[in-house]
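Inside the fold
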There are 2 protein chains.
Amino acid sequence: MDESAYLASYDRSRYVAPLLSVDAVLFTYHDEQVKVLVVRRSRHPEQGKWALPGGFVDEDADDSLDDTVHRKIVEKTGVKAPYLEQLRTFGNSSRDKRGWSVTVVYTALIAHQSCAPLIETVSDAKWMAVSELADHELAFDHGMILQAAIARLRQKALYSIVPAFTLPDEFTLPELQRVHEALLGKPLEKKSFRRRIEQADLLIETGFKQSVSGRPATLYRLKPGAGEYTFLRNLEQ
Amino acid sequence: MDESAYLASYDRSRYVAPLLSVDAVLFTYHDEQVKVLVVRRSRHPEQGKWALPGGFVDEDADDSLDDTVHRKIVEKTGVKAPYLEQLRTFGNSSRDKRGWSVTVVYTALIAHQSCAPLIETVSDAKWMAVSELADHELAFDHGMILQAAIARLRQKALYSIVPAFTLPDEFTLPELQRVHEALLGKPLEKKSFRRRIEQADLLIETGFKQSVSGRPATLYRLKPGAGEYTFLRNLEQ
DNA sequence: GCAATAGTGTCTCTCAGACAATATTGG
DNA sequence: CCAATATTGTCTGAGAGACACTATTGC
């Protein structure tokens, strides 16, 4: 049999594959806190519990897994996340009561303001502060997945400015430093923080902005590709 | 309907999910070269082409995706790989002619000697030098996946001693340096290389060993957990 | 001027790069 | 002793940590 004959006779529905889903850990920064989007499950299993937003591949709508997760995030927030990266895939026989299941998990970052309009009007989605996660039990193994996502983002705070994607397009250096500090759970040296970003030439200056009080801070915008840059030397852990 | 009634009525075979497979990029070091294990496909599709070792989850044999990939590597090499880490999951509608497909890809490292007995006797698996990969077309998108795996391992050579898992249990520092140099494609400073490993206290000294000629090099063994250690500062790229 | 916040100057310390020097083996 | 390889000494420079200092705003 040649390949075209094989393909013509191939019937995918004959094979029972593990359940495959895609989930997103969507982070933002608001009110001095790093937060994560959780949605209430409207269906079985784990009905009523809070869970990570996610779902199944739609073979007609999605050309790739990235498409699937982008689509799911837009469904919940109304906008496309400016930073998206695969975290890891979790697959085993016990994580879903329906049987062997696999979920491809992404980390996404978004500015709070850009999705506030939609999130605030719905009751089945909300931002949960990372610091209060321990108080809530999530569906499936999503609590553990969330911990893995936080650990990875925390690492990125040490050697990149990826956390900037949790802020609006235009942001100040003190704001960015506060995001990093919230992730790392400790204060950072202002001078070191600014110096390395300045030397790496990752930002474009724009205008000005008043804080609540004191000297106004310079507003910056990320240069294209700034999210891919990694510093040669980490901040101290 | 409560959850147990839902689960009792749930029939997984009603849902057609994307094809799900697991693939491994298994690296080793031999004859001054970093090499990758490729296997010849015995079946359609892409019959006869070289591909990454991999396969499907066996829901009875495997409790997790890690189990699946471990099992597949043992099938091909006869032994369990001492280092295994998820690389990334690739999923889209075009990578497999059978339709929407997803593959969870792992990077694994193993000593050449530990699997030589089996590999050398079979004709459907062989080590391919990373440097000659451009000359061979691989099945599916495995060529691109391989490039991603190499890029990641190359990065790890800059901030970890993970490449040590391509060597036998006992190895010398000059040997390890040669692995890193092969990955990075350039010579490294002997002193810097040794100093950082010594300071991080990652190795245990054992006995001695003769090289082809000259002063014999000290043999070391990895301390438990040495693969997870990351240096704060990268080697220069 | 004062409080509050943004931003700078500058010293120290760690650690990678460079490369010369020394050590240990087999012939 | 010589060739070959392993291992160490040590100087330089980049860049993070520490912390004091200056700048700019609203009141």
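My aim in this report is to walk through the structure given alongside it, one point at a time. Just so it is clear, the structure is predicted and the values come from calculations on it, not from any experiment.

Cut-offs applied
- Residues numbered from 1 in each chain as written.
- Chains lettered and ligands numbered in written order.
- Predicted model: local features only at pLDDT ≥ 70, side-chain atom pairs only at ≥ 80, totals over all residues.
- Heavy atoms only, no water.
- Axes fitted to C-alpha atoms, helices over the stretch in contact; angles between N-to-C directions.
- Helix = DSSP H or I, 4+ residues; strand = E, 2+ residues; numbered from the N terminus.
- Contact = heavy atoms within 4.5 Å.
- Nonpolar A, V, L, I, M, F, W, Y, C, P; charged D, E, K, R; others polar.
- Pairing = 2+ DSSP bridges.
- Buried area = accessible area lost by both parts, 1.4 Å probe.
- Salt bridge = Lys/Arg side-chain N within 4 Å of Asp/Glu carboxyl O.
- Polar contact = N/O pair within 3.5 Å; in protein donor to acceptor, adjacent residues only side chain to side chain.

1. Remarks on the packing of helix 2 (residues 65-77) of chain B against helix 3 (residues 112-119) of chain B
Residue and element names in this part refer to chain B. Packing of helix 2 against helix 3 leaves a shortest axis separation of 8 Å and a crossing angle of 65°. Two secondary-structure elements touch here, helix 2 through E75, K76 and T77 and helix 3 through C115, L118 and I119. Of the residues assigned to the contact of helix 2 with helix 3, the class counts are three nonpolar, one polar and two charged.

2. Here's the deal with the sheet that holds strand 8 (residues 170-172) of chain A
Note on sheets: strands pair through backbone hydrogen bonds, and any given pair is parallel or antiparallel. Residue and element names in this part refer to chain A. Reading across from one edge, 8-10-9 is the order of the three strands in this open sheet, with antiparallel pairing throughout. Since the sheet does not close on itself, it has two edges, and those belong to strand 8 and strand 9 (203-209), each with one partner. Averaged over all neighbouring strand pairs, the angle between strand axes comes to 40°, with direction disregarded. As paired elements, strand 9 and strand 10 (residues 217-222) share five bridges and run antiparallel to each other. Pairing of L203 across the sheet is with L222, part of strand 10. Across the sheet, helix 5 (residues 173-184) touches strand 8, strand 9 and strand 10, and the angle it forms with strand 8 is around 80°.

3. A word on the interface of chain A and chain B
The interface is formed by 40 residues belonging to chain A together with 40 residues belonging to chain B. Of the roughly 3800 Å² buried at the junction of chain A and chain B (both faces included), carbon and sulfur atoms supply 59%. On the surface where chain A and chain B come into contact, there are zero salt bridges. Applying the counting criterion to the chain A and chain B interface returns nine residue pairs in polar contact (both at pLDDT 80 or more). Of all the secondary structure elements, the ones that give two or more residues to the side of chain A that touches chain B are helix 1 (3-9), strand 1 (19-30), strand 5 (83-92) and strand 6 (101-109) of chain A. Per-element accounting of the side of chain A that touches chain B gives the leading share, six residues, to strand 5 of chain A. Here the side of chain A that touches chain B is composed, by residue class, of 18 nonpolar, 11 polar and 11 charged.

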